[in-house]
Amino acid sequence: MATGRKNNRSLQLSVRLPLDDLEEIEKLKEEGESTAGFLITAAKGEIKRRQRRKSKEPE
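Conventions used here
- Residues numbered from 1 in each chain as written.
- Predicted model: local features only at pLDDT ≥ 70, side-chain atom pairs only at ≥ 80, totals over all residues.
- Heavy atoms only, no water.
- Helix = DSSP H or I, 4+ residues; strand = E, 2+ residues; numbered from the N terminus.
- Rg over C-alpha atoms; globule rule 2.2 N^0.38 Å.
- Buried < 20%, exposed > 50% of the residue type's maximum accessible area, 1.4 Å probe, protein only.
- Areas by Shrake-Rupley, 256 points an atom, 1.4 Å probe, with all protein chains shown as cover.
- Lys, Arg positive; Asp, Glu negative; His and termini not counted.
- Charge placed at Lys NZ, Arg CZ, Asp CG, Glu CD.
- Axes fitted to C-alpha atoms, helices over the stretch in contact; angles between N-to-C directions.
- Parallel < 35°, antiparallel > 145°, perpendicular 65-115°, else oblique.
- Contact = heavy atoms within 4.5 Å.
- Nonpolar A, V, L, I, M, F, W, Y, C, P; charged D, E, K, R; others polar.
- Patch = residues over 30% accessible without salt bridge, like charges linked within 9 Å, V, L, I, M, F, W, Y side chains within 5 Å.
- Salt bridge = Lys/Arg side-chain N within 4 Å of Asp/Glu carboxyl O.

Considerations on the overall build of the chain
Here is step 1 of the chain: Each helix and strand in the chain was counted, giving two helices and zero strands.
Here is step 2 of the chain: What you see for the chain is a C-alpha radius of gyration of 15 Å, clearly larger than the 10 Å of a compact globule of 59 residues, by over 25%.
Here is step 3 of the chain: If you line up the chain on its principal axes, its C-alpha atoms span 45 × 35 × 20 Å.
Here is step 4 of the chain: Counting over 59 residues, the chain shows a buried share of 3%.
Here is step 5 of the chain: Carbon and sulfur atoms form 52% of the exposed surface of the chain, whose accessible area is close to 6,100 Å².
Here is step 6 of the chain: Side-chain charges in the chain split into 14 positive and 11 negative, and the spacing between the mean points of these groups amounts to 9 Å.

Notes on the packing of helix H1 (residues 19-28) against helix H2 (residues 35-56)
Here is step 1 of the chain: The interhelical angle for the contact between H1 and H2, taken along N-to-C directions, is 100°, at an axis separation of 10 Å. Put simply, H1 runs roughly perpendicular to H2. Judged by residue contacts, Leu22, Ile25, Glu26 and Leu28 of H1 engage Thr35, Phe38 and Leu39 from H2.
Here is step 2 of the chain: The class makeup of the residues in the contact of H1 with H2 is five nonpolar, one polar and one charged.

Points about a nonpolar patch on the surface
Here is step 1 of the chain: Together, Leu11, Leu13, Val15, Leu17 and Leu39 give the surface a local cluster of nonpolar side chains, amounting to about 460 Å² of exposed area.
Here is step 2 of the chain: Structurally, Leu13 can be placed in the segment before H1.
Here is step 3 of the chain: A residue is classified by how much of its surface remains accessible, and Leu13, at 63% relative accessible area, is exposed.

Focus: the pattern of salt bridges
Here is step 1 of the chain: Considering all chains together, one arrives at four salt bridges under this definition.
Here is step 2 of the chain: Two residues, Arg50 and Glu46, come together in a salt bridge whose shortest N-O distance is 2.7 Å. Note that Arg50 and Glu46 are positioned in helix H2 at a spacing of four residues, about one turn of the helix.
Here is step 3 of the chain: Shared partners join several salt bridges into a network, and the residues in it are Glu46, Arg49 and Arg50.

Read these as layout, nothing more, since geometry by itself doesn't imply function.
Structure below.
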């Protein structure tokens, strides 16, 4: 049974990607990896990079 767009653990989003970026994602995904999994991994990596960069900035 569908629970809607939001539950206690996640929020379902809809995004648009340029076709050339989507093609690159498809080329780089590992065997059995979903596009959603790829994007979540990429987002987590970017979050960590930005947190590290922000912590190094002088106040």
